[in-house]
Amino acid sequence: MTERPLPATRWVALAIVPFLVVAVVVLFAAPERTGELFAWPIAPPLSAFLLASAYLGGIAYFLAVWRTPSWHRVRHGLPAVAVFASALLVTTLLHLDRFSSNLPFAVWLVLYATTPIAMVWLLVLQRGHDPGARQGAVPQADVAIPAAVRVALAAIGLAALAAGAAALVAPAWLAELWAWQLTPLTARATGAVLTLTGVVNLAMLRDRRWSAFRILYGAQLLSLAAIVVSLLVRRDDLLWDRPLTVPFLALVAAAALAYAAVTAWCELRLRRASTAA
């Protein structure tokens, strides 16, 4: 049995990329025209930028799925995408009256109605294509992520997942506390974005191979870099009297530094392991 992603997995990943590219361009370049060019009008622009940042990481991830020779390097991303897409589908159905009657919304609805099913289907198809996950051993040419690091990152992931779930269940509560103005729709969309980190990081509790997270952490670092730039560009959207403004900014900074530090440490050890192998 091959460890490569199956053709179906690779083609589905490649098919998703153009939609993400269009969304990133629209959300970053024309946030004031999202009601016309996107599925719904998003205000303030910082909410559009946050969603675009998640999509930017998605582009990097799905391109990696297309190119990678090893399924285990990308497998933990599919459950995260399934949860994220399911959350946005629920959000859409709860706020149909807020969406635009245009082609972008039709595309949005089709994508988020089918993506969760597609991700689960691909996970079933690929089941058993990662023998290393069963064995639990870390190959010599790989790096074992220390247990303390994995538990700490999983705790961050659990907090992000809990916050995302709270936003989906009680968006008005989040809107009152959040760092910038939110509607119930954008609050739930923000919660969906938070689930991505949560699902990926929780997978570290059962998989200690750095190679299984290397691509995902690269994509998350790209998203975090985009969020940092977005916060700088749209700093006037921030509401400094809100309880979560400073904690959110501190969390973004801490996450960027932590992910960069873990990546740098693992990459250094990976080079040494590759040289010794």
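Residues numbered from 1 in each chain as written. Predicted model: local features only at pLDDT ≥ 70, side-chain atom pairs only at ≥ 80, totals over all residues. Heavy atoms only, no water.

Trainee: Any chance you could explain the overall build of the protein chain here in plain terms?
Mentor: Per the secondary structure count, the protein chain includes eleven helices and zero strands. Walking the protein chain from its N terminus toward its C terminus, one meets helices and strands in the order α-α-α-α-α-α-α-α-α-α-α. Against the 2.2 N^0.38 benchmark of 19 Å for 277 residues, the protein chain shows a C-alpha radius of gyration of 19 Å, consistent with a compact globule. With respect to the three principal axes, the spread of C-alpha positions in the protein chain is 55 × 40 × 30 Å. The buried share among the 277 residues of the protein chain stands at 47%. Sequence separation of at least 24 residues holds for 80% of the intrachain contacts in the protein chain that already meet a minimum separation of 6. A total of about 12800 Å² of accessible surface is found on the protein chain, and carbon and sulfur atoms cover 70% of it. Each charge class in the protein chain can be summarised by its mean position, and for the 21 positive and 12 negative side chains these summaries are 12 Å apart. (Helix = DSSP H or I, 4+ residues; strand = E, 2+ residues; numbered from the N terminus. Rg over C-alpha atoms; globule rule 2.2 N^0.38 Å. Buried < 20%, exposed > 50% of the residue type's maximum accessible area, 1.4 Å probe, protein only. Contact = heavy atoms within 4.5 Å. Areas by Shrake-Rupley, 256 points an atom, 1.4 Å probe, with all protein chains shown as cover. Lys, Arg positive; Asp, Glu negative; His and termini not counted. Charge placed at Lys NZ, Arg CZ, Asp CG, Glu CD.)

Trainee: Please explain the packing of helix α3 (residues 45–67) against helix α10 (residues 214–233) as it appears in this structure.
Mentor: The angle between the axes and the distance between the axes are what describe a pair of packed helices. It is the contact of α3 with α10, at a shortest axis distance of 8 Å, that shows an interaxial angle of 155°. One way to sum up the angle between α3 and α10 is to call them roughly antiparallel. Both α3 and α10 take part in a crossing whose hand is right-handed. Where α3 approaches α10, its residues L46, F49, L50, S53, A54, L56, G57, A60, Y61 and A64 are matched on the opposing element by I215, L216, A219, L222, S223, A226, I227, S230, L231 and V233. Residue composition of the contact of α3 with α10, grouped by class: 16 nonpolar, four polar and no charged. (Axes fitted to C-alpha atoms, helices over the stretch in contact; angles between N-to-C directions. Parallel < 35°, antiparallel > 145°, perpendicular 65-115°, else oblique. Left-handed = near helix turned anticlockwise from the far one by under 90°. Nonpolar A, V, L, I, M, F, W, Y, C, P; charged D, E, K, R; others polar.)

Trainee: Explain helix α7 (residues 147–169) here, please?
Mentor: In an α-helix, one turn spans 3.6 residues; hence positions three or four apart end up facing the same way. Its 23 residues place the ends of α7 32 Å apart at the C-alpha level, agreeing with the 33 Å of an ideal helix rising 1.5 Å per residue. Turning to α7, its buried residues number three or more, namely R150, L153, A154, G157, A160, G164 and A167. (Expected span 1.5 Å × (residues − 1).)

Trainee: How should I be thinking about the environment of R188 in this particular structure?
Mentor: Among the secondary structure elements, R188 is positioned in helix α9 (residues 184–202). Along the sequence, R188 and A43 sit 145 residues apart, while their C-alpha atoms lie 14 Å from each other. Beyond its immediate chain neighbours, meaning those up to four positions away, R188 contacts T91, L94, H95, A167, L168, V169 and P171. Side chain to side chain, R188 and H95 meet in a polar contact 2.7 Å long. (Polar contact = N/O pair within 3.5 Å; in protein donor to acceptor, adjacent residues only side chain to side chain.)

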